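# A closer look at the structure
Below, each chain spelled out in residue letters.
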Amino acid sequence: ERLNKCMEAGDAREIHLLGCFYSEGAHGLPRNRAKALELWHQAGELGIAKAYHNIGYAYRTGIGVERDEKKANHYYELAAMGGFATARHNLGNAECRAGNWDRAIKHYMIAAGGYSDSVKCILHLYKHGHATKDDYTNALRAYQKYLDEVRSEQRDKAAAADDRYKYY
C-alpha cells in the first residue's frame, strides 16, 4: 500500500522497487514480469539507471521476454550512461564475447571505478595477452580511488558484522 502511494506520487525509487517485487513475486505480490518491465521502464525514464539495467538483464537472459542481445545492450547502454557500473561491466562482457578486446577494456576501465569484477576481467585479459600491465594497474588505481571515496566508519562496521555489506 505504501509503495502504491509512492508510485502514484511518481517516486522513481519506489517504482523501481515495486518492479523488483513483481519480478520476483515478493512481499505478497504475484510474479508478473510484464508488470515489472513496465515499472522499470517508468523508473528508468524518471532517472533510475538500475531500472534500465534490469531491463537489459531480462533481455540478456530471456526472463519474461524473448532473449535479445541487441535490446539487452541498448538498455545496458542507457544504464551505463546513467552511471550504473554493473551495466558498463556487462557491456564489456558483450564486447569480450565478440572478441572486441579494446572496446571491452574501455568499458571495464570505466566500470572499475565502482565495480571490482571489472578489475578481475582486465586481469584475465592481461593474463591472456589482450590487455597491458598498464591497463591492469590503471584499473586497480580506479577501484582504489572508488574505495577511498566510499569508505566510512559505518560501512566498515557493517562489513565487519555481515559479509553482505562488504563493499570492497
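Everything that follows concerns the structure shown earlier in this document.
A few points on the structure.

Conventions adopted
Residues numbered from 1 in each chain as written. Predicted model: local features only at pLDDT ≥ 70, side-chain atom pairs only at ≥ 80, totals over all residues. Heavy atoms only, no water. Phe/Tyr/Trp six-rings, centres within 6.5 Å; stacked < 30°, edge-to-face > 60°. Helix = DSSP H or I, 4+ residues; strand = E, 2+ residues; numbered from the N terminus. Buried < 20%, exposed > 50% of the residue type's maximum accessible area, 1.4 Å probe, protein only. Core = buried A, V, L, I, M, F, W, Y, C linked by side-chain atoms within 4.5 Å. Contact = heavy atoms within 4.5 Å. Disulfide = S-S within 2.5 Å. Expected span 1.5 Å × (residues − 1).

For the rest of this paragraph, the subject is the packing of aromatic side chains. Evaluation of the coordinates by the stated rule reveals 3 aromatic pairs. Between tyrosine 143 and tyrosine 146, the aromatic rings sit 5.6 Å apart at their centres with planes inclined by 35°, giving tilted as the arrangement. Note that tyrosine 143 and tyrosine 146 are positioned in helix 9 (residues 133-150) at a spacing of 3 residues, about one turn of the helix. On the basis of relative accessibility, which here comes to 12%, the residue tyrosine 143 falls in the buried class. Here the aromatic residues Tyr52, Tyr59 and Tyr75 are joined through ring pairs into a cluster of three or more.

Let us now look at the nonpolar core. Counting residues in each nonpolar core, the largest one holds 24 residues, and the members touching the most others are Leu37, Leu39, Trp40, Ile55 and Tyr59. Elements with a contribution of two residues or more to this core: helix 2 (12-24), helix 3 (33-45), helix 4 (49-61), helix 5 (69-81) and helix 6 (85-97). Discounting residues that sit within four places of it in the chain, isoleucine 55 has contacts with Leu37, Trp40, His41 and Tyr75. Listed in part, the 15 residues of the second largest apolar core include Cys96, Ala112, Val119 and Ile122.

Disulfide: a covalent bond formed between the sulfur atoms of two cysteine residues. Scanning the entire structure with this criterion turns up 0 disulfides. With no disulfide of its own, cysteine 96 has cysteine 121 as its nearest cysteine by sulfur position, at a separation of 6.5 Å.

Taking 1.5 Å of rise per residue, 13 residues should cover 18 Å, and helix 4 covers 19 Å from first to last C-alpha, within 8% of that figure. Within helix 4 the residues assigned to the buried category are Ala49, Ala51, Tyr52, His53, Asn54, Ile55, Gly56, Ala58 and Tyr59. Positive backbone phi, approximately 75°, marks glycine 62, located one or two places after helix 4.

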